[in-house]
Amino acid sequence: MKRYEAERKFLKSNFNEFKNIKTDKAKGLPQPDRVKPYDLKSRIISLPAVDPEIIKKRDIYQCIGDRRSNRLYSEEAISLEELSYLLWATQGITLTNKAGITFRTVPCSGATHSFETYLFIMNVTGLDKGIYRYLPVEHKLMFILPIDDIDRRLDTISLDQPFVPHFTKKSAVAFAWSTIPYRSEWKYDITAHKKILIDVGHICQNLYLSGESLNLGVCAIGIYDQEAVDNLLQLDGEEEFIIYMAAVGRKRVLQ
Ligand SMILES: Cc1cc2nc3c(=O)[nH]c(=O)nc-3n(C[C@H](O)[C@H](O)[C@H](O)COP(=O)(O)O)c2cc1C
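Below is a summary of the structure that appears in this document.

What counts as what
- Residues numbered from 1 in each chain as written.
- Predicted model: local features only at pLDDT ≥ 70, side-chain atom pairs only at ≥ 80, totals over all residues.
- Helix = DSSP H or I, 4+ residues; strand = E, 2+ residues; numbered from the N terminus.
- Rg over C-alpha atoms; globule rule 2.2 N^0.38 Å.
- Buried ≥ 20, exposed ≤ 12 C-beta atoms within 10 Å, placed from the backbone.
- Contact = placed C-beta atoms within 7 Å.
- Near = placed C-beta within 6 Å.
- Nonpolar A, V, L, I, M, F, W, Y, C, P; charged D, E, K, R; others polar.
- Arc of directions from axis to C-beta.
- Pairing = 2+ DSSP bridges.
- Axes fitted to C-alpha atoms, helices over the stretch in contact; angles between N-to-C directions.
- Expected span 1.5 Å × (residues − 1).
- Left-handed = near helix turned anticlockwise from the far one by under 90°.

## Here we look at the overall build of the protein chain
Right, so step 1: From N to C terminus, the protein chain includes eight helices and nine strands.
Right, so step 2: Relative to a compact globule of 255 residues, whose C-alpha radius of gyration would be 18 Å, the protein chain shows 19 Å and is just as compact.
Right, so step 3: Oriented by its inertia axes, the alpha-carbon framework of the protein chain measures out at about 60 × 50 × 40 Å.
Right, so step 4: A total of 255 residues make up the protein chain; the buried ones form 38% of that total.
Right, so step 5: By sequence separation, contacts in the protein chain at least 24 residues apart represent 74% of the contacts at least 6 residues apart.

## Considering the site of the ligand
Right, so step 1: Taken together, Arg68, Ser69, Arg71, Gln161, Phe163, Cys219, Ala220, Ile221, Gly222 and Ile223 form the complete shell of residues around the ligand.
Right, so step 2: Residue classes in the shell around the ligand are distributed as five nonpolar, three polar and two charged.

## Comments concerning the environment of Val124
Right, so step 1: Position of Val124 relative to the elements: it lies in the loop between strand S4 (115-121) and strand S5 (130-135).
Right, so step 2: Overall, the presence of 20 C-beta atoms within 10 Å leaves Val124 in the buried class.
Right, so step 3: Leaving out residues up to four positions away in the same chain, Val124 has contacts with Ala77, Ile78, Leu80, Leu83, Ala172 and Val173.

## Quick look at helix H5 (residues 150-157)
Right, so step 1: When H5 is considered as a whole, its buried residues turn out to be Ile150, Leu154 and Ile157. On an axial view of H5, the arc spanned by its buried residues comes to 60 degrees, and they lie on one face.
Right, so step 2: Contact partners of the buried residues in H5: S4, S5, strand S7 (173-179) and helix H8 (226-232).
Right, so step 3: Once H5 ends, the next one or two residues include Leu159, with phi positive near 50 degrees.

## Things to note about the sheet that holds S5
Right, so step 1: Pairing is antiparallel across the open sheet formed by seven strands, whose spatial order is S1-S6-S5-S4-S7-S9-S8. Looking along the sheet, the strands with just one partner apiece sit at the ends: strand S1 (44-46) and strand S8 (216-221). Recorded for the sheet is a direction-independent mean angle of 30 degrees between the axes of neighbouring strands.
Right, so step 2: By the bridge criterion, six bridges tie S5 to strand S6 (residues 140-146) in an arrangement that is antiparallel. The residue bridging Ile131 from the neighbouring strand is Leu145, located in S6.
Right, so step 3: Of the strands in this sheet, S4, S5, S7, S8 and strand S9 (241-250) touch helix H4 (residues 80-91), which is tilted by about 155 degrees from S4.

## So, helix H7 (residues 192-213)
The α-helix winds at 3.6 residues per turn, so residues separated by three or four positions along the chain end up facing the same way.
Right, so step 1: Look at H7: 32 Å from first C-alpha to last across 22 residues, which is about the 32 Å you get at 1.5 Å a residue.
Right, so step 2: For H7, every residue scored as buried is listed here: Ala192, Ile196, Asp199, Ile203, Cys204, Asn206, Leu207, Tyr208, Ser210, Gly211, Glu212 and Ser213.
Right, so step 3: Asn215 lies just past H7 and shows a positive phi near 60 degrees.

## Digging into the packing of H4 against H7
Right, so step 1: Relative to each other, H4 and H7 sit at 145 degrees, their axes nearing to 8 Å. Crossing of H4 over H7 shows right-handed handedness. On the side of H4, the interface is formed by Tyr85, Leu86, Ala89, Thr90 and Gln91, while H7 contributes Ile203, Asn206, Leu207, Ser210 and Gly211.
Right, so step 2: Residue composition of the contact of H4 with H7, by class: five nonpolar, five polar and no charged.

## Thoughts on the environment of Cys219
Right, so step 1: With respect to the secondary-structure elements, Cys219 resides in strand S8.
Right, so step 2: Residue classification places Cys219 among the buried residues on the basis of 26 C-beta atoms within 10 Å.
Right, so step 3: For the pair formed by Cys219 and Tyr208, sequence separation is 11 residues and the distance between their alpha carbons is 7.5 Å.
Right, so step 4: Sequence-distant contacts of Cys219, that is, excluding residues within four places in its chain, are made with Ser69, Asn70, Arg71, Phe167, Ala246 and Ala247.

## Overview of the pairing of S9
Right, so step 1: With eight of 10 residues buried, S9 lies mostly within the body of the structure.
Right, so step 2: Where S8 meets S9, six bridges bridge the pair, whose relative direction is antiparallel. Following the sheet pairing, Gly217 is matched in S9 by Gly249.

## Regarding the environment of Ile190
Right, so step 1: In this fold, Ile190 is placed in the loop between helix H6 (182-188) and H7.
Right, so step 2: Here the alpha-carbon distance between Ile190 and Ile21, two residues 169 residues apart in the chain, equals 8.7 Å.
Right, so step 3: Aside from chain neighbours lying at most four places away, what touches Ile190 is Asn14, Glu17, Phe18 and Ile21.

These figures capture arrangement, not role.
Below you can see the structure in the form of structure tokens.
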């Protein structure tokens, strides 16, 4: 079908075209920031050190086998220790080489890591409701905005959910991953975009598996209002925009 053509082309490799392109890196243009800078006067919240003792299911085989998209959450909060572990599992830095390139808990084409993690905090012990950003180098949170009705705002952003209506607003925390595409475009030019989408899938899968290891419920969110979420998170929608979201909460045990 005609209207699928461009979308299908996007799924294919364009390395043959790429061979004839001089990338910004090859031209000697400066590399963009590897992580988004922040105002040092911001409210910064320390996260507890990642503690493997909190893991309930240690068997990777069991976690992979039990993983399911879970959209039914209890009203019980999740702890800061649990959130710390989920953030580490999804974007934590496990190695920084001499050139300053970060290697993380997730693979990423050329270690370009074009992502930033924003959090909609609804019900996490010790944190005010609102919007936060994860600072992976420091393993800390930056508080962006207090929002009392954050659950309602998330509900509006995540549109009409087909399986369990309005499930996102009942979660304890929602992750929203943005991309800053130029971090990858600088090196990969026109081949960057397909890689970015593949890379973000790894992040969410690590959220699913780390969530399962804590017996938390996780559900990916691909259905969301682009403009509404970018506006709320104060992203310009061009140089940085949200590409994927996921909700996390304590699993509701059905009686
Ligand atoms: C990219 C992506 C986007 C998704 N978006 C949504 C969503 O917006 N709402 C939802 O309820 N589930 C969403 N899901 C979850 C899928 O519906 C779910 O993975 C699928 O039904 C298979 O179920 P399972 O994850 O339990 O194996 C999404 C999953 C992926 C991978």
